[in-house]
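If you want the building blocks of each chain, they are given just below.
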Number of protein chains: 2
Amino acid sequence: MSGEAQQPDSAAVREHLEALQDQICQAFEDFERAAGSDTRFDARTLENERGGVGRPRVLSDGLVFERAAVNSTYARGPSLPPAATADRPQLAGRSFEAVSLSLITHPVNPYVPTSHANWRFFIAYDEGGSAPLWWFGGGFDLTPYYPEEEDVVHWHRTAKASCDPFGADLYRRYKEECDEYFHLPHRGEARGVGGLFFDDLTHLGDDEPNSAAAFSRCFAFVRSVSEHYLPAYLPIVERRKGTPYGERHRDFQLYRRGRYAEFNLAFDRGTRYGLQAGARAESVLASMPPRALGRYDWSPETDSEEARLERDFLPPRDWV
Amino acid sequence: MSGEAQQPDSAAVREHLEALQDQICQAFEDFERAAGSDTRFDARTLENERGGVGRPRVLSDGLVFERAAVNSTYARGPSLPPAATADRPQLAGRSFEAVSLSLITHPVNPYVPTSHANWRFFIAYDEGGSAPLWWFGGGFDLTPYYPEEEDVVHWHRTAKASCDPFGADLYRRYKEECDEYFHLPHRGEARGVGGLFFDDLTHLGDDEPNSAAAFSRCFAFVRSVSEHYLPAYLPIVERRKGTPYGERHRDFQLYRRGRYAEFNLAFDRGTRYGLQAGARAESVLASMPPRALGRYDWSPETDSEEARLERDFLPPRDWV
């Protein structure tokens, strides 16, 4: 929180996110190792002619994770893509750098929730020499199939702990933004039990937007949130990965994954941006469920184990 | 082709499409009956307070069709929905009627292709008393997993036969529009082997757009195309439904169904319009595959049976 203000620095953000990517992949592989599986991440480094670097990491058909995708990208170019300047017309034509880390897990065991996280940083340079403009975005959210109250409370308490040092109201605000964003309007239903979501972050508190002080504090905030992802998720995986389940639970998980695919393909800005901007389709769609099951006009029986999700967990609640 | 010009008449279009819906459902149920399955269409009639009528018909878990959805809708209202007037601002605020029939099949046997068809009619009234404006849209297209040349040629020849009486160039034009529309830009790949696609049809040949003569001819054309769907598809189902297959073929079918879901959720205008306009989600998404399988960065082996689809069939070709 203290110390000297740092000039906006995409290399520092990239270094942090790539190191965290390695750490997260390691943690997931440790679960596979412990389960006796020799499944590991498929790790590549893809470079383009403009100096962009993609590091897709995808684990498939593990004993704990049916799929986990943990992808980082570094992009730069002579002018920001249209999708990035739609709401910021004053930035059209500026050269830019963009750094991101996106991850998703599709666990095997239906009692282990799916988790999703993303952190991103954009910086737009001004050839005229004035200070660059930049913004952060990100967050993490949880999508259980057979939720346990203590898991969801732990997830949200950890989210709150990651925010609190930076402002008493931040958790509340970004928790609400998460509930608003991960919402299927055509079903009037949340995607999961939420977490944190923020975008266009150019300052915190009283800092002057886009100042060096604002960058230092925002970067510290993004470090804090991103470093709280594993402490939020790993204990839940540990607790639930051995829960016995049957075909019924697996079918329900595959059914709910269909909803997840609906959201990602039809509503998620990141997925749509990726597909329309010509990103590597296999990387963008690594977030898709490995297997899914559709049912026509099906609802769980009243008071069944499956009915609890929609009734008790998906309507946005105060979890802390 | 001859006879007196008919005033634009949504009731006549509706009558045609609903009768065709019954005929198509009957034909699909006949396959189930012949296979010894007692699976039938779930048939409902849903009415809304404005006089709209939806007739969703969905068959699930048959022996021939894993899912078939054949849905008709009749809608009317005091003003056209925004999606319908985005390209037609002069129609904003006009009262309207809309009639449509949409269908999709997800067969069990991977050697039977998926088929999709849609026909629709919009009419916008002018309270000032001038003649109503109207347009037709529609077509049908085929998505094989293990294609056979003779099936694709039969499909396209039937499509051509449905168009030829109405203009020598129509098949060629609407076949090309179909190739353009059912295209996954992020993969640079066609969804299937195409067929016919037309939209904003207000006249054919030299008829004056939106005239009574134009309506008569366009409606006759839509009747012809829609009545050629069963003759195009049924012989293919009949020929392939008994082809022996194994787990490998089934996996490839589920994998390709994932592509189908990608297109429908991320690109199809009808699906997006339905979801955003607040249509019944279960009806809109009845087109989604009942089961699907995702694979990360997988491609069929060179010269395998699976490689033929992408290599020989998906690149748009002249099939007649």
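This structure is a prediction, so every number in the text was calculated from the model and none was measured.

## Re the overall build of chain A
1) Next: Helix and strand counts for chain A stand at 10 helices and 12 strands.
2) Next: Over its C-alpha atoms, taken along the principal directions, chain A stretches across nearly 65 × 40 × 40 Å.
3) Next: Looking at the 320 residues of chain A, the share that counts as buried comes to 59%.
4) Next: Here the analysis covers contacts within chain A between residues at least 6 apart in sequence; of these, 68% occur between residues at least 24 apart.

## A word on the side chain of Asp-207 of chain B
Residues and elements named next belong to chain B.
1) Next: With respect to the helices and strands, the residue Asp-207 is situated in the loop between strand E11 (194-201) and helix H5 (212-227).
2) Next: The exposure class assigned to Asp-207 is buried, which follows from its relative accessible area of 12%.
3) Next: Polar contacts involving the side chain of Asp-207 include one to the side chain of Arg-217, which spans 2.6 Å.
4) Next: With sequence-adjacent residues up to four places away left out, Asp-207 is seen in contact with Ala-213, Ala-214 and Arg-217.

## Comments concerning unusual backbone geometry
1) Next: Of note in the backbone geometry, Asn-210 of chain A takes a positive phi value of approximately 65 degrees without being a glycine.
2) Next: A relative accessible area of 18% means that Asn-210 of chain A is categorised as buried.
3) Next: The phi dihedral of Asp-303 of chain B falls on the positive side, at around 70 degrees, and the residue is not glycine.
4) Next: One can find Asp-303 of chain B in the loop between strand E12 (291-293) and helix H10 (307-313).
5) Next: Note on Asp-303 of chain B: relative accessible area 62%, which makes it exposed.

## Some thoughts on the interface of chain B and chain A
1) Next: At the junction of the two partners, chain B supplies 29 residues and chain A supplies 29 residues.
2) Next: Three residues, His-186, Glu-282 and Tyr-296 of chain B, lead the burial of chain B against chain A; their summed loss comes to 27% of the area buried on that side.
3) Next: The interface formed by chain B and chain A includes 2 salt bridges.
4) Next: One salt bridge in this structure joins Arg-187 of chain A and Glu-282 of chain B, with 3.3 Å as the shortest N-O distance.
5) Next: At the junction of chain B with chain A, the criterion picks out 3 residue pairs in polar contact (both at pLDDT 80 or more).
6) Next: Here the element with the most residues in the side of chain B that touches chain A is helix H7 (residues 247-266) of chain B; it accounts for 4 residues.
7) Next: Residue classes in the side of chain B that touches chain A are distributed as 15 nonpolar, 3 polar and 11 charged.

## As for the pattern of salt bridges
All names here are of chain A.
1) Next: Applying the stated criterion across every chain yields a total of 64 salt bridges over all chains.
2) Next: Where Arg-44 meets Asp-42, a salt bridge forms, and the shortest distance between an N and an O atom there is 2.8 Å.
3) Next: Residue class for Arg-44 comes out partly exposed when judged on its relative accessible area of 27%.
4) Next: Across the pair Asp-207 and Arg-217 runs a salt bridge, and its minimum N-O distance is 2.6 Å.

## What to know about the relation of the copies chain B and chain A
1) Next: The two copies are related by a screw motion: chain B maps onto chain A through a turn of 180 degrees and a shift of 0.1 Å along the axis, at an RMSD of 0.0 Å. In short, the pair behaves as if placed about a two-fold rotation axis.
2) Next: Taken together, the interface assignments show that 100% of the residues at the interface of chain B recur at the interface of chain A, consistent with an identical surface on both copies.

Parameters at a glance
Residues numbered from 1 in each chain as written. Chains lettered and ligands numbered in written order. Predicted model: local features only at pLDDT ≥ 70, side-chain atom pairs only at ≥ 80, totals over all residues. Heavy atoms only, no water. Helix = DSSP H or I, 4+ residues; strand = E, 2+ residues; numbered from the N terminus. Buried < 20%, exposed > 50% of the residue type's maximum accessible area, 1.4 Å probe, protein only. Contact = heavy atoms within 4.5 Å. Polar contact = N/O pair within 3.5 Å; in protein donor to acceptor, adjacent residues only side chain to side chain. Buried area = accessible area lost by both parts, 1.4 Å probe. Salt bridge = Lys/Arg side-chain N within 4 Å of Asp/Glu carboxyl O. Nonpolar A, V, L, I, M, F, W, Y, C, P; charged D, E, K, R; others polar. Least-squares fit on C-alpha atoms with pLDDT ≥ 70 in both.

So yeah, pure geometry; function would need other evidence.
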